[in-house]
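The lines below spell out each chain.
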Amino acid sequence: MPAQNLADYETDAEHYRTPLKVNAFELDDETKIAMISEHFTSILNILGLDLSDDSLKGTPNRIAKMYVKEIFSGLNPANKPVATLFENRYRYSEMLVEKNIAVFSNCEHHFVPITGKAHVAYISKGKVIGLSKLNRIVQYYSRRPQVQERLTIQIAREIKRVLNTDDVAVLIDANHHCLSSRGIQDAGSSTITSSFSGKFRDAETKNEFLSNIGK
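Residues numbered from 1 in each chain as written. Predicted model: local features only at pLDDT ≥ 70, side-chain atom pairs only at ≥ 80, totals over all residues. Heavy atoms only, no water.

Topic: the overall build of the chain
Then comes step 1: The helix and strand tally for the chain stands at six helices and seven strands.
Then comes step 2: Its helices and strands taken in sequence order, the chain reads α-α-β-β-β-β-α-β-α-β-α-β-α from the N to the C terminus.
Then comes step 3: Burial analysis of the chain (215 residues in total) assigns 40% to the buried set.
Then comes step 4: The contacts of the chain with a sequence gap of at least 6 include a subset with a gap of at least 24, amounting to 67%.
Then comes step 5: A total of about 12,100 Å² of accessible surface is found on the chain, and carbon and sulfur atoms cover 51% of it.
Then comes step 6: Positive and negative side-chain charges in the chain, numbering 27 and 26 respectively, have mean positions lying 4 Å apart. (Helix = DSSP H or I, 4+ residues; strand = E, 2+ residues; numbered from the N terminus. Buried < 20%, exposed > 50% of the residue type's maximum accessible area, 1.4 Å probe, protein only. Contact = heavy atoms within 4.5 Å. Areas by Shrake-Rupley, 256 points an atom, 1.4 Å probe, with all protein chains shown as cover. Lys, Arg positive; Asp, Glu negative; His and termini not counted. Charge placed at Lys NZ, Arg CZ, Asp CG, Glu CD.)

Below, the structure is given as structure tokens:
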């Protein structure tokens, strides 16, 4: 993809954006993969691993491809989902809820997984969205180094932008491997974050949403 200006990356206010360098999009994917592979070769050598071993010799390149093409692919605006919208001809005016959307992200503090579920809802103001696009929006913002609070806000803001409605709810319930696999090593805790706007700030509407997702 051609180089882009960071200001064109996301329209969110600065404190909602993923922190990126101003030249974040100057390198193409293949160049990034080659450079990351080289750096991981150095890291694995420092750790004392024998990269001539048949099981390890392709590991740096596998890691690099995974970073660029998969688990951090949400950093590339070329991968941002294009929403498919339809006219709400049936005049459905109640909330639409999609729950248990898989979240797989990575903590930007330790680069270990954040895994869980996202529950999203909106009330149409004339348009409805193809359901898979809700999943894709969650996936796109998850596939970058994240903190859960920012992830929640980014998903909510994108759904509001796409559907041109302020009536949006997002709740994420996730496990942080930086808590379970290191540090305190508490595998039983989970973290819940939410964003409620428009009609979802009303207690009755919010409670209906929470009841629908079983919270």
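That covers the picture; the talk isn't over yet.
Notes on the pattern of salt bridges
Then comes step 1: Taken as a whole and judged by the stated rule, the model has nine salt bridges.
Then comes step 2: Note that lysine 57 is salt-bridged to aspartate 54, the shortest N-O span being 3.6 Å. Taken as a pair, lysine 57 and aspartate 54 share a single burial class, namely exposed. (Salt bridge = Lys/Arg side-chain N within 4 Å of Asp/Glu carboxyl O.)

Thoughts on unusual backbone geometry
Then comes step 1: Although it is not a glycine, phenylalanine 111 adopts a positive phi angle of roughly 55°.
Then comes step 2: If you check the backbone angles, glutamine 185 has positive phi at about 55° while not being a glycine.
Then comes step 3: Here glutamine 185 lies in the loop between α5 (177-180) and β7 (191-196).

Topic: the side chain of serine 197
Then comes step 1: Turning to its location among the elements, serine 197 is positioned in the loop between β7 and α6 (203-213).
Then comes step 2: There is a polar contact of 2.6 Å between the side chain of serine 197 and the backbone oxygen of aspartate 166.
Then comes step 3: Sequence-distant contacts of serine 197, defined by excluding residues within four places in its chain, comprise Lys160, Asp166, Asp167 and Val168. (Polar contact = N/O pair within 3.5 Å; in protein donor to acceptor, adjacent residues only side chain to side chain.)

Here we look at the environment of valine 22
Then comes step 1: Take valine 22: it is sitting in the segment before α1 (29-46).
Then comes step 2: Taking C-alpha positions, valine 22 is 32 Å from leucine 85, a pair spaced 63 residues apart along the chain.

Concerning the packing of aromatic side chains
Then comes step 1: Summed over the entire model, instances satisfying the criterion amount to six aromatic pairs.
Then comes step 2: Consider the rings of phenylalanine 196 and phenylalanine 209, whose centres lie 5.9 Å apart with planes at 80°: the pair is edge-to-face. Of the two residues, phenylalanine 196 is situated in strand β7 and phenylalanine 209 in helix α6; the sequence distance between them amounts to 13 residues.
Then comes step 3: Given a relative accessible area of 14%, phenylalanine 196 falls into the buried group.
Then comes step 4: With a centroid separation of 6.0 Å and 80° between ring planes, the pair formed by phenylalanine 200 and phenylalanine 209 is classed as edge-to-face. Both residues of the pair, phenylalanine 200 and phenylalanine 209, belong to the buried class.
Then comes step 5: An aromatic cluster is defined as three or more aromatic residues linked by ring pairs; in this entry it consists of Phe40, Tyr67, Phe72 and Phe111.
Then comes step 6: For arginine 144, the ring lying beneath its charged end belongs to tyrosine 140, and the centroid distance is 5.1 Å. (Phe/Tyr/Trp six-rings, centres within 6.5 Å; stacked < 30°, edge-to-face > 60°. Lys NZ or Arg CZ within 6 Å of the ring centre and 35° of its normal.)

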